[in-house]
Amino acid sequence: MNIKDLISKDNFHHQFMDLMTLEGQVTNSLIEALMKYNKKELLDIIDLLEMDISSVLDQDQICELMLEEYANESMLASIFINLGDQELYLIDSLLEEDQLEGNFKYLPVRFLVTSAFVQMYKSENGYILKMSDEMKNNFNLIDRQALMTLRSAQLSVTEYSKAAMNLYGSLSYEKMKSFYINHMTEIDEGIFDDDILDALFVGQFVKEQSFYLYEGYFLSQFYSEGGEEEGIKLAKNSKPYYRPAYEEFIKYSAFDYSQSTPEDEDMATFIYDHVKADKVKVENFLFGLKDICAFGRMQDAVNDLEDLGYIFESRDDIETFSQLYQALHNNTRMWSNHGFTPKEMGDINSIKVGRNDPCPCGSGKKYKKCCGNPLTLVH
C-alpha cells in the first residue's frame, strides 16, 4: 500500500471532512488538541469509545480524563484489532512521519479522526493529518505481534457479519456463529473457542457498523428506527437460509455486490436502448433496481424512469418492461426469503423433502438436523 492510495483528486466528501477539522495551530500535544473540541464533540468521542467519563464534568476535567483513557491498553488493543488495512497503514505512517498532507479519501480517515486518535486540520493542499506525541507513544506500547492473529480473526468475523447482514437483513446470534463455524470448517480455517468467538462477534461493535446487536439478534441498521420487532420476526420465519460456498458468500460483505444474472443483462439492454438520460444516472437506476425488486413495487421503478425523463411510448414497451421486471424480481435475492430468490424459494417449496434427505438450504446437513429441526425456529 502507498499513501497515494489514500489520496483523492476529487474528494466528494469534502463537506463531511471539513466538519471534522480543527481550528488553529497544528499541535503535538494531545491535551492541547482535545481542548480545541467543544464539549459536545468531546462527549461524542467519549460515547463512541465508551469511555467511563461523566458528562457533568467541565471541559478541562473531561480532557484530563480522556488523556488517561487513551493510554488504556485494553481499549487500544480492542481498537487495534478492529482497524482496517487502510486505517492501520495511516497509523503506521503517522508513527513514522511528523504529519501527512493531502486531499485524503473519507472512509480511511473517518474513524481515526472522529475517535480523536488522529487530528485533522485544513491546509492549502487539502488536509493535514496529525498524531499527537502521546498517541504515538500509546500505539508504540501495544504488543502488535501478539495482537495480529487476533486482528486477523476479528476482521474475518466482521467481514462475515457484513456479508450475512447484506444477504439476510437479520439473523439470530446463534445462527450467525453456527454459519460462521460451518464456513470456516469448509475452507479449513482455524476456529477459536466459544468464549473468544463471542468476544470477536461483540468486539466488532467497537467501531460503528451498518448493523447492530439487539436482544440476541443481528439486525441491519434498516431496522434501527423502531423496527426491531419486524427484523426479529424476519429472522424467526421458518424459511431455509441461502447458504452458498464461502467464496460466494463472502462477496456479499460489499454492500453493492449482487450476482450478475441473464435477467440483469436483459433489463440493462432494454434500459440503455430506451432511456437516453445521463449515463451515470442510468447506471444508478439499474443499481437501485435490485432494491426496488426486493423491497418495493414495479410502480416505484416506473416513477424513477419518469424522473429520468423516460415515458413509455407504446403498450408493447410497457409489456416488455413488465416482463423484464418480473423476471428480475423472481431472480433477486431477498431478505424475506433469507437470501433465496422467489424462483429458488418456489422450487424449494415444490420439492418434497424427507427428514433424512439433504437440506434444500444447501448446508450439507440432513433436513432433520438443519431447517427441519424445530429447535432452529426458536433462535
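Below or above, wherever it landed, is the structure these notes cover. Going along each chain's sequence as written, the residues are numbered from 1 onward. Selection of residues for local features in this predicted model requires a pLDDT of at least 70, selection of side-chain atom pairs for listing and counting requires 80 or more, and totals for whole chains, interfaces and linings are taken over all residues. Hydrogens and waters are ignored; side-chain quantities use all the structure's heavy atoms.

Take the sheet that holds strand β3 (residues 126–130) next. Reading across from one edge, β1-β3-β2 is the order of the 3 strands in this open sheet, with antiparallel pairing throughout. Since the sheet does not close on itself, it has two edges, and those belong to β1 (100–102) and β2 (119–123), each with one partner. Averaged over all pairs of adjacent strands, the angle between their axes in this sheet comes to 20°, without regard to strand direction. Two strands pair when backbone bridges link them, and β2 and β3 are joined in this way by 5 bridges, in the antiparallel orientation. By the bridge assignment, Ser 123 is partnered in β3 with Gly 126. A pair of strands counts as paired when DSSP detects no fewer than two bridges linking them. Comment: elements are numbered from the N terminus, with helices defined as DSSP H or I runs of at least four residues and strands as E runs of at least two. For every element, the axis is a line fit to its C-alpha atoms; helices are fit only across the contacting stretch, and the angle between N-to-C directions ranges from 0 to 180 degrees.

Residues Leu 34, Met 66, Tyr 70, Phe 117 and Leu 129 are the most contacted members of the largest nonpolar core, which totals 49 residues. Setting aside anything within four residues of it in sequence, one finds Leu 129 in contact with Leu 90, Leu 94, Gln 99, Leu 100, Phe 104, Val 109, Val 113, Val 118, Gln 119 and Met 120. Buried Ala, Val, Leu, Ile, Met, Phe, Trp, Tyr and Cys residues form a nonpolar core when they are joined through side-chain atoms within 4.5 Å. Per-residue accessibility, obtained with a 1.4 Å probe over protein chains only, is compared with the maximum for each type, and a residue is labelled buried under 20%, exposed over 50%, and partly exposed between these values. In terms of nonpolar packing, the next biggest core, distinct from the first, is built from 36 residues, Met 176, Leu 197, Leu 200 and Ile 232 among them. Here a residue-residue contact requires only that any non-hydrogen atoms of the pair lie within 4.5 Å.

Before going further, it helps to spend a moment on the pattern of salt bridges. We define a salt bridge as a side-chain nitrogen of Lys or Arg found within 4 Å of a carboxyl oxygen belonging to Asp or Glu. The full count for this structure, using the stated rule, is 12 salt bridges. Between Glu 87 and Lys 207 there is a salt bridge; the shortest N-O distance is 2.5 Å. Taken together, the residues Glu 87 in helix α6 (residues 85–96) and Lys 207 in the loop between α11 (194–203) and β5 (211–214) connect sequence positions 120 residues apart. Here Glu 87 matches Lys 207 in class, with each residue buried. The residue Arg 333 makes a salt bridge to Glu 344 at a minimum N-O spacing of 2.7 Å. Taken together, the residues span a long stretch of sequence, with Arg 333 in the loop between α17 (315–330) and α18 (342–350) and Glu 344 in helix α18 at a distance of 11 residues. The class of Arg 333 is buried, set by a relative accessible area of 19%. Overlapping salt bridges bring together Lys 177, Asp 194 and Asp 198 as one network.

This paragraph deals with the packing of aromatic side chains. Stacked, tilted and edge-to-face are the three classes assigned to paired rings of Phe, Tyr and Trp, where Trp is represented by its six-membered ring and a pair needs centres within 6.5 Å; plane angles under 30 degrees give stacked, over 60 edge-to-face, the rest tilted. Counted under the stated rule, the structure contains 29 aromatic pairs. On the basis of an interplanar angle of 55° and a centroid distance of 6.4 Å, the ring pair of Phe 211 and Phe 218 is categorised as tilted. Of the two residues, Phe 211 and Phe 218, neither departs from the other in class, the shared state being buried. Ring geometry for Tyr 252 versus Tyr 257: centroids 4.8 Å apart, planes at 85°, classification edge-to-face. The structure contains a cluster of three or more aromatic residues connected by ring pairs, namely Tyr 160, Tyr 168, Tyr 173, Phe 179, Tyr 180, Phe 201, Phe 205, Phe 211, Phe 218, Tyr 241 and Phe 249. Think of it as a cone above the ring: NZ of Lys or CZ of Arg counts as a charge over the ring if it is within 6 Å of the ring centre and within 35 degrees of the ring normal. Looking at Lys 207, its charged tip hangs above the ring of Phe 111, at a distance of 5.2 Å from the centre. Between Arg 333 and the ring centre of Tyr 242, over which it is positioned, the NZ or CZ distance is 3.6 Å.

This paragraph deals with helix α14 (residues 262–274). How far a helix is expected to stretch is found by multiplying one less than its residue total by 1.5 Å. End to end, α14 covers 19 Å across 13 residues, agreeing with the expected 18 Å (1.5 Å per residue, within 8%). Among the residues of α14, Asp 264, Met 267, Ala 268, Phe 270 and Ile 271 are the ones counted as buried. Considered in projection along α14, the buried side chains sweep an arc of 165° and stay on one side of the axis. In α14, the exposed positions angled more than 90 degrees off the buried face are occupied by Pro 262 and Asp 273. In this structure, the buried side of α14 is in contact with α15 (279–295), α16 (298–307) and α17. This arc corresponds to the set of directions leading from the helix axis out to the C-beta atoms.

With that settled, consider the environment of Asp 60. Along the chain, Asp 60 falls in helix α4 (residues 59–70). A residue is classified by how much of its surface remains accessible, and Asp 60, at 48% relative accessible area, is partly exposed.

To continue, consider the environment of Glu 247. Within the secondary structure layout, Glu 247 lies in helix α13 (residues 246–249). Residue classification places Glu 247 among the exposed positions, given a relative accessible area of 63%.

Okay, the pairing of strand β6 (residues 217–220) next. The two faces of β6 match: Tyr 217 and Leu 219 on one face and Phe 218 and Ser 220 on the other face are all buried. Relative to β6, strand β4 (residues 170–172) is paired through 3 bridges, and the arrangement is antiparallel. Bridge pairing in β6 links Ser 170 to Leu 219. Two strands pair when backbone bridges link them, and β5 and β6 are joined in this way by 4 bridges, in the antiparallel orientation. Bridged to Leu 213 within β6 is Phe 218.

To continue, consider the side chain of Gln 209. Here Gln 209 shows up in the loop between α11 and β5. On the basis of relative accessible area, Gln 209 is assigned to the buried category, the value being 12%. Each polar contact in these results corresponds to two N or O atoms within 3.5 Å; when the atoms are within protein, one needs to be able to donate a hydrogen and the other to accept it, and residues that are neighboring in sequence are counted only if both atoms are side-chain atoms. Polar contacts involving the side chain of Gln 209 include one to the main-chain carbonyl oxygen of Gln 204, which spans 2.9 Å. Filtering out sequence-adjacent residues up to four positions away, Gln 209 remains in contact with Thr 158, Lys 162, Gln 204 and Gln 221.

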